[in-house]
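Below are the chains, spelled out letter by letter.
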Amino acid sequence: MHRATKYIILFILFMLLVLVRAYENVLFYDPYLTFFENDYLYMDSPRREIAKLVFFTSLRYFVNTIISLGILYVFFSDKGIIKFSVIIYGAAYILLLIPFLYFVINPRQEDYYLFFNIRRFLIQPLLLILLLPAFYYHRLNR
């Protein structure tokens, strides 16, 4: 792949991540978006539809995952990295969804900060921020 083509594709993929974030209120059901923008440590948990919230949180996770895997593939062009990343993303989804469900079903004010951070890993492409430099460093030391 030519270098210019690679940069254009990477730019488009990163812009897709930005668009997911910019239109999160339109694309996804999440009553916690406005809840966590306010002084949430002193408020009651918002009304929510649990199944709908889990579905849209999962959908957003998978959309971010697909775009992130695309970025990793364009950046490294290594199917081994993609296979490993799929395992990491799958394990992270399972390990993060369990406490997410617990906090959604049993909201307590003392758990809001932990819930906020677990939710952040599910709805934002933070794993990409961790994996990109890790794979780059691994590639340099091969």
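Residues numbered from 1 in each chain as written. Predicted model: local features only at pLDDT ≥ 70, side-chain atom pairs only at ≥ 80, totals over all residues. Heavy atoms only, no water.

1. Examining the confidence of the model for the chain
Move 1: Put simply, the chain has an average pLDDT of 88, and 90% of its residues get 70 or more.
Move 2: Ranking the elements of the chain by mean pLDDT puts helix 3 (residues 32-37) last, at 66, and helix 5 (residues 79-105) first, at 95. (pLDDT = per-residue confidence, 0-100. Helix = DSSP H or I, 4+ residues; strand = E, 2+ residues; numbered from the N terminus.)

2. Section: the nonpolar core
Move 1: Counting residues in each nonpolar core, the largest one holds 34 residues, and the members touching the most others are Y61, I71, L72, Y89 and F100.
Move 2: Elements that contribute at least two residues to this core include exactly helix 1 (3-22), helix 4 (50-76), helix 5, helix 6 (112-123) and helix 7 (126-140).
Move 3: Excluding residues within four positions of it along the chain, L72 makes contact with S77, I82, S85, L128, L131, L132 and F135. (Core = buried A, V, L, I, M, F, W, Y, C linked by side-chain atoms within 4.5 Å. Buried < 20%, exposed > 50% of the residue type's maximum accessible area, 1.4 Å probe, protein only. Contact = heavy atoms within 4.5 Å.)

3. A closer look at the pattern of salt bridges
Move 1: Under the criterion given, the structure shown has two salt bridges.
Move 2: Residue E24 is joined to R60 by a salt bridge in which the shortest nitrogen-to-oxygen separation is 2.7 Å. Here R60 lies in helix 4 and E24 lies in helix 2 (residues 24-27), a separation of 36 residues in the sequence.
Move 3: Relative accessible area serves as the criterion here: at 10%, E24 is assigned to the buried category.
Move 4: Classification of R60 as buried rests on a relative accessible area of 4%.
Move 5: Note that D78 is salt-bridged to R142, the shortest N-O span being 3.8 Å. Remark: R142 occurs in the segment after helix 7 and D78 occurs in the loop between helix 4 and helix 5; sequence separation between them is 64 residues.
Move 6: When its relative accessible area of 24% is taken as the criterion, D78 is described as partly exposed. (Salt bridge = Lys/Arg side-chain N within 4 Å of Asp/Glu carboxyl O.)

4. Thoughts on a nonpolar patch on the surface
Move 1: A cluster of nonpolar side chains, namely I8, F11, I12, M15, L16, V18, L19, Y23, V26 and L27, defines an oily patch on the protein surface of about 950 Å² accessible area.
Move 2: Mapped onto the nonpolar patch, the elements with two or more residues apiece are helix 1 and helix 2.
Move 3: The element contributing the most residues to the nonpolar patch is helix 1, with seven residues.
Move 4: For V18, the location among the structural elements is in helix 1.
Move 5: For V18, a relative accessible area of 44% puts it in the partly exposed group. (Patch = residues over 30% accessible without salt bridge, like charges linked within 9 Å, V, L, I, M, F, W, Y side chains within 5 Å. Areas by Shrake-Rupley, 256 points an atom, 1.4 Å probe, with all protein chains shown as cover.)

5. As for unusual backbone geometry
Move 1: For S77, which is not glycine, the phi dihedral falls at a positive 50°.
Move 2: Inspection of the secondary structure assignment puts S77 in the loop between helix 4 and helix 5.

6. Considerations on the packing of aromatic side chains
Move 1: With the rule as written, the count across this model stands at twelve aromatic pairs.
Move 2: The interplanar angle of 45° and the centroid separation of 4.9 Å between the aromatic rings of F62 and Y93 together place this pair among those described as tilted. With a gap of 31 residues between them, F62 in helix 4 and Y93 in helix 5 connect regions that are remote in the sequence.
Move 3: With relative accessibility at 42%, the residue F62 sits in the partly exposed group.
Move 4: The exposure class of Y93 is buried, given its relative accessible area of 16%.
Move 5: For the ring pair Y102 and F103, a centre distance of 5.4 Å and an interplane angle of 65° mean the geometry is edge-to-face.
Move 6: The partly exposed category is assigned to Y102, whose relative accessible area is 39%.
Move 7: The buried category is assigned to F103, whose relative accessible area is 8%.
Move 8: Put simply, the rings of F75, F76, F84, F135 and Y136 pair up and form one aromatic cluster. (Phe/Tyr/Trp six-rings, centres within 6.5 Å; stacked < 30°, edge-to-face > 60°.)

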